Each structure stands twice: as structure tokens, then as C-alpha cells.
Amino acid sequence: MKALDLKLMRDLWRMRGQVLAIALVLAAASATFVLSLGVHRSLTETRDAYYAQSAFADIFADMTRAPRSIVARVAEFPGVRRAEGSIQQYATLDLPGRSAPARALINSLGGKEGTVLNRLTLRAGRLPDPGQPGEVVADEAFIEANGLARGARLDAVIYGRKQPLTIVGIGLAPDYIYSIAPGDLIPDNSRFGIFWMGTKALEAATDRTGAITRVALTLERGASEADVIRRLDLLLAPYGGTGAYGRADHVSHAFLDNELMQLEAMTRVIPPVFLIVSTFLVYIVLARMISTERTLIGLIKAFGYSNRAIGWHYLKFALAIALLATLLGSLAGIWMGRGMTSLYAEYYRFPILRYHISPAVFFGAAALAAGSAGLGAIGGMRAAVRLSPAVAMAPPPPPVYRAGLLERFGRFAGFSVIGHMIVRHIARWPARSAMTIFGVALSMGLLFATMQFLDSSRTMLDSYFFRSQRYDLTVTFTEARGPDAVHALAQLPGVLRVEPTRAVAVKLRTGNRAERTAIEATSAESQLSAHIDRDGREIALPPAGLMLSRQLADQLGVRAGDSVDVELLGGRRTQLRLPVATIVDEFVGARAYASEATLDGIARDAAPVGAALVRIDPAARNKILTALKGMPAVLGVTERDAALRLFERMIDDNLFTMLFFYIGFASAITVGVVYNSARILFSERAHELATLRVLGYHRGEVGLILIGELALLVVAAVPVGGLIGYWMAQLMTAMFSSDLFRLPFAPARSTYGYAGLVVLAAAVATAALVARRVMGLDMVRVLKARE
């Protein structure tokens, strides 16, 4: 082994504590990189492979009823590779032992040419027998959530008629990876399921022989999606078409794409924080090492070693730390990635979802760690290379202390001798002290920025489920109805109040921008529904015009006072221009609202009730749900409390898992910064501290000098960390928001306190380790000086 390599191994072992501390910070960056990028690639590759294997369509279009022959006309459009028609029908299910009704979306399966697009993947059982009209395949999530199995029988109300169903198979499909009922915020697999039935059987059950309600198609490479959608809308308009849309607007794909976007945001935000801190740590450690090895560097150069060899020697020290960090970070990232993948598998249904990571991810993590460590080593390398043998072998000039501002302030404040020693040393090395403060502040800022997501979720829950939704049940009807539906619900025993509501599908246009959405309306005297902005204010519906959510307004590029073109999708295909009267900052979705009169002017069908908001006596819940299950006009019932429990469970599963990871990461930064600072201070002041012991100072007094300086720096870092965390949290909140969710920035004061306590606790534990070395200081050995 070469002499410099042998020295490198000895240096790494002698400074193993500091090396491990820096490696932990770099490992945190590597782990986050491997975690987020690995999960992102696993989901992306699994999704793309599943889409290709099952021929997931590129464009979808729904209509009220169209002849099946329309499919051939669609297939002749320029750029269309294949088109298929099918039937979709919502049904109400009567599950054994359940008072609340469940909903199902039944899809036709097969036909003359068979199903090629959006192919069903059987997980168990078989496909429905064409000669058995009651046989269905159920999606796996619904089966698991309700404890069902193949052969289970249940009753369903399909198209107003009761029909027994038998589950003969369990399957999955690419257009229902994320299956969510209309109007719901998150999936409730116990109350909503996807079924597949033979085409002939579903035609008979819905009186649609030779008809379809949906068209799905794939495009040739290079075909214009917008042009095909425009042609498709013109063709399907006479058949009640509700507007064609591409994959980006498909509910299942949109939710999955939103999750991938958040993972990508995590890769862009979190690792750079760790890399910045680790760069500082490597710089400080190498600068101190080179400062203490000045004489040794001079001797090495005198023996003929080149500047390149010496620079490469110190760079290898940094790269060795990066190698250790990459190993630790990769192992931690794989472990965390598998845990996150198993969580995603509960919400996104694939035939196979495994955590798969390519060698490129590890090479990327290694490159980031090596780049950060190498960047930190540049300053020390330059100092070592620039030292001439004569200068290096001479002792460094002693530090010059002057009575500066801190000295005068200390005298004014009545500092003790030990207090003066502490502030003098901080003032003597302001850059190093600032780096320590900045490193600890970054760890607190990162911890606060991640913990405040819990506050954001709680604020969104409070605004959406409690202040905005003041009802207990949402009763959805099979089709829009008249006021009699509301009166019928009000007659049920235990119902305290009923209010009508309705939403119609529209396309909003302004300039060259267009968005598909739904305009929702409630009564002007509504007590069960309110529109709450992000500041907690209740915003009333405008008597005329539209109220848009901030998300939708930003997508359309409009402000209050502008006008938008409104096109009704389906029905009478009404087109009119309406002013944007109000913009409300909401947290969920891109939504539009209008008064009942405005919505009636758009729909023009004298059917103002699409659903009903109901407040009930909790004691009568089961009786009311049983009564609703027996009403043919009722399609489904959503309970606010059940949706709230599901949302809280999702937060517990996902957010708390991520918080656990990031608390560990932030603690690793604190340990790395404080431990390295303490070790450097101890190395610099060991001779000074031993001299004080000889002069009669007690161990506690000597230890207070070192620990007091660390404590002062950490305490100074807490307010700086709060400020950094404030801006970092706003950045992360904005990056993690999407078209589906707009996270509020609403940190609680306690979150600042928790973040500060975690940082202080990590600093105290680290300082205690260094204090042991101070207490065991060998005065004889330290005070020896080589001539």
C-alpha cells in the first residue's frame, strides 16, 4: 500500500466519528433520492407496462345512447388506430349484513369482436358465461374490502330493476387502477366497486340492445388528440355526448399522475438540502485536518510528493465518505422504498407492483454524494496545494483577539470569565460559527417543512369536512329529478333537513384555453353546504354568473370580472357566455359554482335535483339507510363521517410514514453538524482546555466552555431554522399541490415548537458524547509539544 493511501486509512479510522456523521447526512440525501426516484420509476414502469399490455385507450367519450354502428364511423377518423364501444351503467348493491347501500359501475364485456381496449385481467375465477345474465366479474379492491369471494351472490338495482348477481371472477382493468366514486375525495372500496358483465346481459338489463354509452379509442403515432376529440364531439353531440377527453383527464390516470408528480417534487426539493449541508461539513472537516497537518504536508512535499498527489489524497478522503454514504443511503432507500410501494399498492391496483430499482438510480445517488463531497473538498485541497514546504513547516501565526463588539457587550452584560471565552471564540471564527448555525437551522427548517404537512392536512379536513359540509349524507339519484324527490326524503323518520343540489358537466373556454369541469349549485338559503376560502371566510354564491375556485381560474387564466364561454356537455348542448363573479380559494379540485337560477338556465330540463344533502338524527341512521336502499330512484349514499375516516386513515398511512423518515433525516443533519462542530472545537481547544485544568479549573467548568459554545450556536440556529422552515414549507406546499389538491400553508405554532425540540434533543445527545471526551481529557498527553 502506498504511503499516502496508508495515511488515508489511518485518518479515516482516527476520525471515524466525524466521518460517520458526515456520511449520515450524505446518506440521508442518497436515501431520499433512491426512495423517491425508485418508487417513481417503479410506479411509472409498472403503469406503462400495464397500459401497453392491456391496451389502455388514449381517448374516451360518454353519451346517453348511441347505435353500436357509430363505432365504425369513429374508427374511420384520421389518426384512429382502433375504436370500441361499450355500455356503462351505475347500479345500487344490497350487500348482506349492511344497512348502507353500495354503488357499482357495471361495464359491458365482450361483444362480437371481443374486448381489446382496456382489457380485463383475471386474478381469479372466469369470465361471465354469455348464457347466464347474472354473472359478473368484480374488481379485486371491492372483493377484499367487503370480504367477498367467488360465488358470492348479491342483489343489484340496475336501470330501475332488481336483479341477482353472482360473482364468478375477480379482475383488474387499466382504466380503474384508482377507482373512485363520482363526487368522492378518496376511494371507498367498501361502498363502490367496478363490475364487468357480458354485453348481451347488460344490454338486456338496461334496454340498450344494439346501443352503447361509451366509446374508447387508441391513436396512431403522431396523430392529433385535439383534432380527434373535436371530430368525436361533433359526431356524438346528437346522441347526448358529454364531451370526449384524453388520458390526462381520465380520473384513474389523473390521480396516479398526480402522485408521480409529488414524488418527482420530493426528489427536486429534499436531497439538495442534505447535499448543501454535507458540502459544508466536508469543507469544515478537511479545512481543520489540513490546518492541523501543516507540518506533515510540508514534510511530504519536501520528500518529493507533487501537488497533484497531495490534492488527490485529500479528495479521496471526501470520496471515501461519499462511498460510505452511498452504501448506507442506498440500503435505507431500498428499505423505505419497499415500504412506500406496499402503501401505494393499497390505493393503486396493478396486477403486480414491486419496488424495482435500476443501477442508474444507484449511480445517480453515488454521483450526487461524490459531487457534494468533492465540492466541499475543493477549498481544503486548494489550501493544501498552495502551501509551500517552508511555510507549511513553520508554526501557524497565533490568533489575534481584540476587544470587539462582543467583548464590550460581554462586559456590559456582566459575562463571567467562561462566558467571555465562549463569545470570543465564536467571534474569532465567524464563518465557521455561521456554518454551524446554518447547518442546524437547515435541519430544523426541513423538519418543520415536513411536519407542517400534517397541519395542512388538518386545515383542509376542517375546511372541507366540517365547515363546508354541514350535512350527514349525500343521496345521489339515478338521474336528475324534480322537487318531489326532496319532499320524499324529508318524510323519512329521523331526517332533520334536506336540501337539493345538482352538478352538470360543462366545458369552460376563454381564449385558447379550455377545461372540462362541472358547475355545482345549491339553494340560496342553504344551511348544509358552504363555500369556505383558505382564510376561513364563507363566500356566498353570486346571484348571477359563476364562482370559480382559484385552481380553475388559474388554469383558465381569468380573474373576477372576466367572462368565459360555457358549453353544456350533453342534454341540450347549451352554449352561453357568463361572467366570473367571484373567485374562491378552495383546497380540493378545480370547481365551478352557480346559483340555482343560473344552472337552470344552462341545463333547461326542469329537473333541478341531481342529489340531496341530508342532515339526520344519528339515532335513526340505520333505519334511514335501510329505507334509502329500498328506493329505486336512489343510486348511492355517501356518509360524510365515513369519508372523513378514510381520509384520516390515508393521512396516517402515508403522511406519518414520511414524517418518520424525515424526522430521522433531520436528526441526522443535526447530529452531523453538531458532532463535527464539537469535535473540531475539541481538537482546536484541547491544549487550551487542558491548560485551564492545570490552572485549577474544575472539569465541569472546562466542559462548560465547550458545551456552552455549542449550546449558544444551536440556540441561535433555532430562530433562523424557523425562518428557513417557513419559506421552505411554502415552497414544498406549492410544489406538492396539484390540479386535484391545493394544500394550504397553515402551520400551527406547536409545529415550530416540536421541530425546535427535536433539534435541541439531537444536539443535547450529541453534545453529551463530546462532553465525555472533555471529562476524560489527558492533560499530560495534550500539553506535550513537539519541538
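Rules behind the numbers
Residues numbered from 1 in each chain as written. Predicted model: local features only at pLDDT ≥ 70, side-chain atom pairs only at ≥ 80, totals over all residues. Heavy atoms only, no water. Helix = DSSP H or I, 4+ residues; strand = E, 2+ residues; numbered from the N terminus. Buried < 20%, exposed > 50% of the residue type's maximum accessible area, 1.4 Å probe, protein only. Areas by Shrake-Rupley, 256 points an atom, 1.4 Å probe, with all protein chains shown as cover. Lys, Arg positive; Asp, Glu negative; His and termini not counted. Charge placed at Lys NZ, Arg CZ, Asp CG, Glu CD. Phe/Tyr/Trp six-rings, centres within 6.5 Å; stacked < 30°, edge-to-face > 60°. Axes fitted to C-alpha atoms, helices over the stretch in contact; angles between N-to-C directions. Parallel < 35°, antiparallel > 145°, perpendicular 65-115°, else oblique. Left-handed = near helix turned anticlockwise from the far one by under 90°. Contact = heavy atoms within 4.5 Å. Pairing = 2+ DSSP bridges. Patch = residues over 30% accessible without salt bridge, like charges linked within 9 Å, V, L, I, M, F, W, Y side chains within 5 Å. Salt bridge = Lys/Arg side-chain N within 4 Å of Asp/Glu carboxyl O. Expected span 1.5 Å × (residues − 1). Arc of directions from axis to C-beta. Nonpolar A, V, L, I, M, F, W, Y, C, P; charged D, E, K, R; others polar. Polar contact = N/O pair within 3.5 Å; in protein donor to acceptor, adjacent residues only side chain to side chain. Core = buried A, V, L, I, M, F, W, Y, C linked by side-chain atoms within 4.5 Å.

Caption draft 1: Main features of the overall build of the chain. A tally of helices and strands in the chain yields 22 helices and 20 strands. Each of the three principal axes of the chain carries a C-alpha extent, and together these read 105 × 60 × 55 Å. In the chain, which comprises 787 residues, the share counted as buried stands at 55%. Counting every atom, the chain has about 35000 Å² of accessible surface; 58% of that belongs to carbon and sulfur. Side chains of the chain carry 84 positive and 66 negative charges; the gap between the two charge centres is 10 Å.

Caption draft 2: Examining the packing of aromatic side chains more closely. Under the counting rule described, the total for this entry stands at twelve aromatic pairs. Judged by centre distance (6.1 Å) and plane angle (70°), the ring pair of Tyr50 and Phe350 falls under edge-to-face. Here Tyr50, found in helix α2 (residues 16-54), pairs with Phe350, found in the loop between α9 (307-347) and α10 (359-386); they are 300 residues apart in sequence, far enough to count as distant. An identical accessibility class is assigned to Tyr50 and Phe350; each is buried. Ring geometry for Tyr178 and Phe255: centres 4.5 Å apart, planes at 20°, overall stacked. On the criterion of sequence distance, the pair formed by Tyr178 in the loop between β8 (161-172) and β9 (192-198) and Phe255 in helix α7 (residues 251-292) is long-range, its members being 77 residues apart.

Caption draft 3: Just the packing of helix α8 (residues 294-302) against α9, in detail. Between α8 and α9, the shortest axis-to-axis distance is 10 Å and the interhelical angle comes to 140°. Relative to α9, α8 is oriented oblique. Relative to α9, α8 is oriented so that their crossing is right-handed. Two secondary-structure elements touch here, α8 through Ile297, Ile300 and Lys301 and α9 through Asn307, Ile310 and Tyr314.

Caption draft 4: Up close: unusual backbone geometry. A positive phi angle is found at Asn118, which is not glycine, with a value near 50°. Position of Asn118 among the secondary structure elements: in the loop between β4 (102-109) and β5 (121-125). In this structure, Tyr159 is a non-glycine residue whose phi angle is positive, near 55°. Summarising the element assignment, Tyr159 is placed in the loop between β7 (153-158) and β8.

Caption draft 5: Structural context of the pairing of strand β12 (residues 473-481). Where β12 lies against strand β19 (residues 609-616), five bridges are found, and the strand directions are antiparallel. Bridge pairing in β19 links Thr474 to Leu613. Two strands pair when backbone bridges link them, and β12 and strand β20 (residues 634-639) are joined in this way by five bridges, in the antiparallel orientation. Paired with Thr476 across the two strands is Gly636, which belongs to β20.

Caption draft 6: Fine view of a nonpolar patch on the surface. On the surface, a cluster of nonpolar side chains totalling about 280 Å² of accessible area is made up of Leu20, Leu24, Leu324 and Leu328. Every element with two or more residues in the nonpolar patch is listed here: α2 and α9.

Caption draft 7: Summary view of helix α6 (residues 225-236). Taking 1.5 Å per residue, twelve residues should reach 16 Å; α6 reaches 16 Å between its end C-alpha atoms and fits that length. The complete set of buried residues in α6 reads Val228, Ile229, Leu232, Asp233, Leu235 and Leu236. Within α6, the buried residues cover an arc of 160° as seen down the axis, which keeps them to one side. What points out from α6, more than 90 degrees from its buried face, is the exposed set Ala226 and Leu234.

Caption draft 8: Main features of the environment of Ile180. Relative to the helices and strands, Ile180 resides in the loop between β8 and β9. Along the sequence, Ile180 and Gly339 sit 159 residues apart, while their C-alpha atoms lie 24 Å from each other. Not counting residues up to four positions away in its chain, the partners in contact with Ile180 are Leu185, Ile186, Pro187, Phe192, Val251 and Phe255.

Caption draft 9: Representation of the sheet that holds strand β2 (residues 80-86). The strand order across the open sheet built from four strands is β2-β10-β1-β11, with neighbouring strands paired in antiparallel fashion. At either end of the open sheet lies a strand with only one pairing partner, and these are β2 and β11 (245-246). Pairing of strand β1 (residues 59-67) with β11, which is carried by two bridges, proceeds in the antiparallel orientation. Bridged to Phe60 within β11 is Tyr245. Running over the sheet, α6 touches β1, β2, β10 (211-219) and β11 and is turned about 10° from β1.

Caption draft 10: Inspection of the side chain of Thr476 at higher detail. For Thr476, the location among the structural elements is in strand β12. Under the relative-accessibility criterion, Thr476 is labelled buried at 19%.

Caption draft 11: Just the packing of α2 against α9, in detail. One can describe the packing of α2 onto α9 by two numbers: an axis separation of 5 Å at closest approach and a directional angle of 40°. With respect to α9, the axis of α2 lies oblique. Both α2 and α9 take part in a crossing whose hand is right-handed. By residue class, the composition of the contact of α2 with α9 is 22 nonpolar, seven polar and no charged.

Caption draft 12: Main features of the side chain of Ser526. Considering the arrangement of structural elements, one finds Ser526 in the loop between β14 (513-522) and β15 (546-549). Here Ser526 falls in the buried class, since its relative accessible area comes to 17%. Reaching out from Ser526, the side chain makes a polar contact with the side chain of Glu499 at a distance of 2.6 Å. At 3.3 Å, the side chain of Ser526 forms a polar contact with the backbone nitrogen of Ser529.

Caption draft 13: Seen up close, the pattern of salt bridges. This model, assessed by the stated rule, comprises 29 salt bridges. A salt bridge links Asp188 to Arg191, with the shortest nitrogen-to-oxygen separation between them at 3.3 Å. Looking at Arg191, the relative accessible area reads 15%, which means it is buried. Arg470 is the salt-bridge partner of Glu538, the closest N and O atoms lying 3.0 Å from each other. With Glu538 in the loop between β14 and β15 and Arg470 in the loop between α14 (430-468) and β12, the pair connects residues that are 68 residues apart, well separated along the chain. On the basis of relative accessible area, Glu538 is assigned to the partly exposed category, the value being 49%. Residue classification places Arg470 among the partly exposed residues on the basis of a relative accessible area of 29%. Linked through salt bridges whose partners overlap, the residues forming this network are Arg123, Glu140, Glu144 and Arg349.

Caption draft 14: The pairing of β2, seen in detail. The element β2 is largely enclosed, with a buried count of five among its seven residues. The sheet contact formed by β2 and β10 spans six bridges and is antiparallel. In the strand pairing of β10, Glu84 is matched with Ala216.

Caption draft 15: Local environment of the nonpolar core. Counting 128 residues, the largest nonpolar core has Tyr314, Phe317 and Phe647 as its most contacted members. Within the second largest apolar cluster, 23 residues are counted, among which are Ala91, Leu95, Val136 and Ala138.

Caption draft 16: Representation of the environment of Asp600 in the model. Along the polypeptide, Asp600 turns up in helix α17 (residues 596-603). Residues Asp600 and Ala365, 235 residues apart in the sequence, show an inter-C-alpha distance of 58 Å.

Caption draft 17: Seen up close, the environment of Arg742. Looking at the secondary structure, you find Arg742 in the loop between α20 (699-736) and α21 (749-775). A sequence separation of 192 residues divides Arg742 from Arg550, and the C-alpha atoms of the two residues are 9.3 Å apart.

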